[in-house]
Structures are given as C-alpha cells and as structure tokens.
Amino acid sequence: AQSVTQPDIHITVSEGASLELRCNYSYGATPYLFWYVQSPGQGLQLLLKYFSGDTLVQGIKGFEAEFKRSQSSFNLRKPSVHWSDAAEYFCAGARGGGNKLTFGTGTQLKVEL
Amino acid sequence: ETGVTQSPTHLIKTRGQQVTLRCSSQSGHNTVSWYQQALGQGPQFIFQYYREEENGRGNFPPRFSGLQFPNYSSELNVNALELDDSALYLCASSFEGAYEQYFGPGTRLTVT
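We now turn to the structure provided with this report. Once a new chain begins, its residue numbering starts again from 1 and follows that chain's sequence as written. All chains are assigned letters beginning at A, and all ligands numbers beginning at 1, according to the order in which they are written. Owing to the predicted nature of the model, reporting of local features is limited to residues with pLDDT of at least 70; listing and counting of side-chain atom pairs is limited to 80 or more, with chain, interface and lining totals taken over all residues. Hydrogens and waters are ignored; side-chain quantities use all the structure's heavy atoms.

1. Notes on the packing of aromatic side chains
Here is step 1 of the chain: Ring geometry is summarised as follows: Phe, Tyr and Trp rings, the Trp one being its six-membered ring, pair when their centres sit within 6.5 Å, and such pairs are stacked at plane angles under 30 degrees, edge-to-face over 60 and tilted between the two. Counted by the stated rule, this structure contains 16 aromatic pairs over all chains.
Here is step 2 of the chain: A centroid spacing of 4.7 Å and a plane angle of 40° characterise the contact between Tyr-32 of chain A and Phe-51 of chain A, whose relative ring orientation is tilted. Here the residue Tyr-32 of chain A occupies a position in strand E5 (residues 32–38), and Phe-51 of chain A occupies one in the loop between strand E6 (44–50) and strand E7 (56–58), the gap between them amounting to 19 residues.
Here is step 3 of the chain: The rule is simple: take the accessible area with a 1.4 Å probe, protein chains only, and divide by the maximum for that residue type; under 20% is buried, over 50% is exposed, in between is partly exposed. Classification of Tyr-32 of chain A by relative accessible area gives buried; the value is 18%.
Here is step 4 of the chain: Note on Phe-60 of chain B and Phe-64 of chain B: the rings are 5.1 Å apart at their centroids and 65° apart in plane angle, and the pair reads as edge-to-face.
Here is step 5 of the chain: Joined through ring pairs, the aromatic side chains of Tyr-32, Phe-34, Tyr-36, Phe-51, Phe-90 and Phe-103 of chain A together with Tyr-35, Phe-45 and Phe-103 of chain B make up one cluster. In DSSP terms, a helix is any run of H or I states spanning at least four residues, a strand is any run of E spanning at least two, and both are numbered starting from the N terminus.

2. A few points about the nonpolar core
Here is step 1 of the chain: Throughout, nonpolar core names a set of buried Ala, Val, Leu, Ile, Met, Phe, Trp, Tyr and Cys residues whose side chains join them through atoms within 4.5 Å. Membership of the largest hydrophobic core comes to 26 residues, with the highest contact counts inside it found for Leu-19, Trp-35, Leu-47, Leu-48, Phe-74, Leu-76 and Tyr-89 of chain A.
Here is step 2 of the chain: Looking at this core, the elements that each hand over two or more residues are strand E2 (10–14), strand E3 (19–21), E5, E6, strand E8 (64–68), strand E9 (73–78), strand E10 (87–94) and strand E12 (107–112) of chain A.
Here is step 3 of the chain: Whether two residues touch is decided by their heavy atoms; if any such pair falls within 4.5 Å, the residues are in contact. Excluding residues that lie within four positions of it along the chain, Tyr-89 of chain A makes contacts with Gln-6, Leu-21, Trp-35, Tyr-36, Val-37, Leu-47, Phe-63, Leu-76, Gly-106, Thr-107 and Leu-109 of chain A.
Here is step 4 of the chain: Membership of the second largest hydrophobic core comes to 20 residues, among which are Leu-21, Cys-23, Phe-60 and Tyr-89 of chain B.

3. Quick word on unusual backbone geometry
Here is step 1 of the chain: The amide bond that connects Ser-7 of chain B to the next residue, Pro-8 of chain B, takes the cis arrangement and shows omega of -10°.
Here is step 2 of the chain: For Pro-8 of chain B, the position within the fold is in the loop between strand E1 (5–7) and strand E2 (10–13).
Here is step 3 of the chain: Positive phi, close to 50°, is recorded for Ser-72 of chain A, a residue that is not glycine.
Here is step 4 of the chain: Structurally, the position occupied by Ser-72 of chain A is in the loop between E8 and E9.
Here is step 5 of the chain: Even without a glycine there, the phi angle at Glu-52 of chain B is positive, about 70°.
Here is step 6 of the chain: Within the fold, Glu-52 of chain B resides in the loop between strand E5 (44–50) and strand E6 (53–57).

4. Description of the side chain of Asp-85 of chain B
Here is step 1 of the chain: Position of Asp-85 of chain B relative to the elements: it lies in the loop between strand E8 (74–78) and strand E9 (87–94).
Here is step 2 of the chain: Contacts of Asp-85 of chain B, omitting those with residues within four sequence positions, involve Gln-36, Arg-63, Phe-64, Val-78, Ala-80, Leu-109 and Val-111 of chain B.

5. Here's the deal with the interface of chain A and chain B
Here is step 1 of the chain: Facing 20 residues of chain A, the contacting portion of chain B comprises 21 residues.
Here is step 2 of the chain: By definition here, a salt bridge exists when the distance from a side-chain nitrogen of Lys or Arg to a carboxyl oxygen of Asp or Glu is within 4 Å. Between chain A and chain B we count 1 salt bridge in total.
Here is step 3 of the chain: Linking Lys-49 of chain A and Glu-100 of chain B is a salt bridge whose minimum nitrogen-to-oxygen distance equals 2.7 Å.
Here is step 4 of the chain: A 3.5 Å cut-off defines polar contacts: any pair of N or O atoms within that distance qualifies, except that in protein one atom must be a possible hydrogen donor and the other a possible acceptor, and neighbouring residues in sequence count only when both atoms are side-chain atoms. Linking chain A to chain B there are 4 residue pairs in polar contact (both at pLDDT 80 or more).
Here is step 5 of the chain: By residue number, the principal contributor to the side of chain A that touches chain B is E5 of chain A, which donates 4 residues.

6. Comments concerning the sheet that holds E8 of chain B
Residues and elements named next belong to chain B.
Here is step 1 of the chain: Strand order in this open sheet of 4 strands is E1-E3-E8-E7, and the pairing throughout is antiparallel. Of all strands in the sheet, those with a lone pairing partner are E1 and strand E7 (64–68), marking the two edges. Mean inter-strand twist for the sheet, computed between neighbouring axes without regard to direction, equals 20°. At least two DSSP bridges between two strands are required for those strands to pair. Note on geometry: axes are C-alpha line fits, over the in-contact stretch for helices, and angles between N-to-C directions span 0 to 180 degrees.

This is how it looks when you write it as structure tokens:
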C-alpha cells in the first residue's frame, strides 16, 4: 500500500538554527512528493514539490527538499529558522499520473526565541 | 484571483443528522478534491470531482457523497453523522488534474 511516514511528531529548534524534517515514502514507483505547511486555523499551503529531474528542489519561504531514492526519503530543510516558521508540516505523495494525495501524520515545529 | 473558499467555517451537529459542506474552487480550476483531517492526523482523501463526475474515492463509506456544479463549486454531504466524523474538512482545487492543489481554510465539523 502507498504510504508516507513522518517519524517525528514534534520538533523544537532555536530561532536561527537549521532545520530538517524527515519524510519517508513507500510506493511501487517514484511518486510525486510534496511538502505542505499548516498554520493554526488555516488550510494547507504548498511549500514545494518533486516530480522528476533534479533531486534538490527549492520552495517558498527559503525551504528546500532533497529526494533520495536509495533511502525512500524526501526530507525538508531550511538553513535558518524564523519564529514565523512555527507550524505543522505535512509530507504528501501521489502516485505518478494521479493527484489524490496521501499525507503523513505531520510534524509540529516549535521555534524557541 | 480568488482562492478556494469554504463554508461554513464551523458547524456543530448531532449524531445521526446530515450535513452539507460547500467549496468554491479557485478561478479557472475544474477539479475539486475533499479531505478529512481528524485532530492530530494528516488529511485523508475522501473523493475527487472532475467536470461534475466523481473521479476517484478514498476509503470512506457511501454516506459520504458529493456533487460538483457547472461552475465547478462542490458540496460534500455526510449522512447519519457519527462522532468520529468530527474533523476539519478541507477542499482543494486544481486545473485539469494538475498535481498542484490549492487548499481552502477548511470547515470544522463537531458531532456531539
């Protein structure tokens, strides 16, 4: 079965520190992969996406993610976290050719000032 | 350009009742997907509508049904509400099944 796993439920980082949120996927073929952010009381905002090609993708708000086929991972990174980045982050996948998303359970990011 | 809008924002219903949630897609988008997000969980795909036809369904019972109208707006209907139906219901729109979906703010449904 297709699945997306986010091993970390909560992560706390200090403002200015680097960030890496983990995401692992299980699909028969390379899926389309996405990272979304959700602030309290709001819907989901797309940060970045990977379909094919360059395995390092750049997104909005200074985020990037690297697709690693050998590790079935698509980790989200940011070199320097801002207090406004505190939110819940979701990794999602879709079977190639489709756009019905399968989401992970999310990682809640807390930023300490 | 108007984004995805959903109504109502919040809703409280009693077990056994029926509810209708509404979604207006982003301008130019003809595909609407619905997701259920239970507290502390990631969104789960309910179903998708494309050109007024259901175009895929997740693991949800038939009491979850939907409609899409000629203007591409959509409704999610849930019959015989259960306590476990309490969740945030998210609508997302896209163009021609494109992979980038744009989400609305959601409708918070509480079933008592």
